[in-house]
Amino acid sequence: MKKEILATSVVLGLTALALQARCKPLETVKYVELKKYLGTWFEIAAFPQIFEKGCSCTSATYGLAEDGSLIVKNRCIKDGSLKVKEGRAFVTDHTNAKLDVEFFWPFKGKYWIIDLAKDYSYSVVGHPDRNHLWILSRRPTLDEQTYNELVVRAADKGFDVRKLVKTEQIADVSGI
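Quick notes on the rules
Residues numbered from 1 in each chain as written. Predicted model: local features only at pLDDT ≥ 70, side-chain atom pairs only at ≥ 80, totals over all residues. Heavy atoms only, no water. Phe/Tyr/Trp six-rings, centres within 6.5 Å; stacked < 30°, edge-to-face > 60°. Helix = DSSP H or I, 4+ residues; strand = E, 2+ residues; numbered from the N terminus. Buried < 20%, exposed > 50% of the residue type's maximum accessible area, 1.4 Å probe, protein only. Disulfide = S-S within 2.5 Å. Polar contact = N/O pair within 3.5 Å; in protein donor to acceptor, adjacent residues only side chain to side chain. Contact = heavy atoms within 4.5 Å. 1 Å grid on protein atoms, 1.4 Å probe; cavity = no way out; pocket = protein on both sides within 12 Å on 5 of 7 lines; lining within 4 Å. Points joined across faces, edges and corners; volume = space filled by probe spheres on them. Nonpolar A, V, L, I, M, F, W, Y, C, P; charged D, E, K, R; others polar. Core = buried A, V, L, I, M, F, W, Y, C linked by side-chain atoms within 4.5 Å.

J.: Describe the packing of aromatic side chains, listing the residues and the values that go with them.
T.: Aromatic ring pairs are defined here through the distance separating the ring centres and the angle between the ring planes. Scanning all chains against the criterion turns up four aromatic pairs. Look at Tyr62 and Tyr111: their rings are 5.9 Å apart centre to centre, the planes differ by 65°, and that puts the pair in the edge-to-face class. Highlighted residues: Tyr62 in strand β2 (residues 55-64) and Tyr111 in strand β6 (residues 107-116), separated in sequence by 49 residues. Judged by relative accessible area, Tyr62 falls into the buried class, the value being 8%. Overall, Tyr111 belongs to the buried group, its relative accessible area being 10%.

Written out as structure tokens, the structure is:
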């Protein structure tokens, strides 16, 4: 009974934080060193998106294109087979923390880096409307303490973290 009361209190507290923070503009990290950000990121948890429905082992690999944009390769296992979708990301401000990602021209989505480990071992990405959120890691797993801290910080930025769903990571498909 005490655990249920505590869990309910935590959820209500996070919800109150999120509602209060939604009124403020979404803040990104102060600066992203793009060369350090390149490479593979594993999805640890995310708000469910239609294009990821049925996916497991989800990852994204970023590389630098000759024109300065980023090449984005999203991978996942869906219906027993590897699915790969390639797109481009374009930096939209001087901090390198705000990007527009395009998988289908002319449609672009906002990709804002709102939390980033000093050693670039984890990242939290969101959309300014707060309807999209991804917790990413350089490894297929993230320790629970770090994960919980990131969830609290995302709630503090106005995200309804009750919508977060952990991603099943049973294989590394980033090299495929």
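Anyway, onward from the coordinates.
J.: How would you explain unusual backbone geometry if you had to name every residue and give the values?
T.: Non-glycine residue Cys57 carries a positive phi angle of around 55°. Along the chain, Cys57 falls in strand β2. Look at Tyr120: it is not a glycine, yet its phi comes out positive at around 60°. Looking at the secondary structure, you find Tyr120 in the loop between β6 and β7 (122-126).

J.: With reference to specific residues and values, describe the state of the cysteines.
T.: In this structure the tally under the stated criterion is one disulfide. Paired by a disulfide, Cys55 and Cys76 hold their sulfur atoms 2.1 Å apart. With Cys55 in strand β2 and Cys76 in strand β3 (residues 70-78), this pair connects stretches of sequence that are 21 residues apart. You can call Cys76 buried: its relative accessible area is 7%. Distance from the sulfur of Cys57, which forms no disulfide, to the nearest cysteine sulfur (Cys76) is 8.6 Å. Judged by relative accessible area, which is 2%, Cys57 ranks as buried.

J.: I'd like to hear about the side chain of Gln169, residue by residue, with values.
T.: Residue placement: Gln169 occurs in the segment after β9 (165-166). Of note is the side chain of Gln169, whose polar atom sits 2.9 Å from the backbone oxygen of Glu43. Among the polar contacts listed, one links the side chain of Gln169 to the backbone oxygen of Thr58, at a separation of 2.7 Å. Not counting chain neighbours up to four residues away, the residues in contact with Gln169 comprise Phe42, Glu43, Cys57, Thr58 and Pro140.

J.: Mind laying out the layout of surface pockets, listing which residues take part and the relevant values?
T.: Its volume calculated, the largest pocket comes out at about 820 Å³. Taken together, 31 residues make up the lining of the largest pocket; nearest its centre are Phe51, Glu52, Asn74, Phe103 and Trp134. Elements that contribute at least two residues to the lining of the largest pocket include exactly β1 (39-46), β2, β3, β4 (81-91), β5 (98-104), β6 and β8 (133-137). For the lining of the largest pocket, the residue count by class is 16 nonpolar, seven polar and eight charged.

J.: Tell me about the nonpolar core, and name the residues and values.
T.: With 21 residues, the main nonpolar core has Val32, Tyr37, Tyr111, Ile113 and Leu116 as its most contacted residues. If you list the elements that add at least two residues to this core, you get α2 (34-37), β1, β2, β3, β5, β6 and β8. Setting aside anything within four residues of it in sequence, one finds Tyr111 in contact with Tyr37, Tyr62, Ala97, Lys98, Leu99, Val101, Val125, Gly126 and Leu136. Listed in part, the 20 residues of the second largest apolar core include Leu26, Val124, Ile135 and Ala154.

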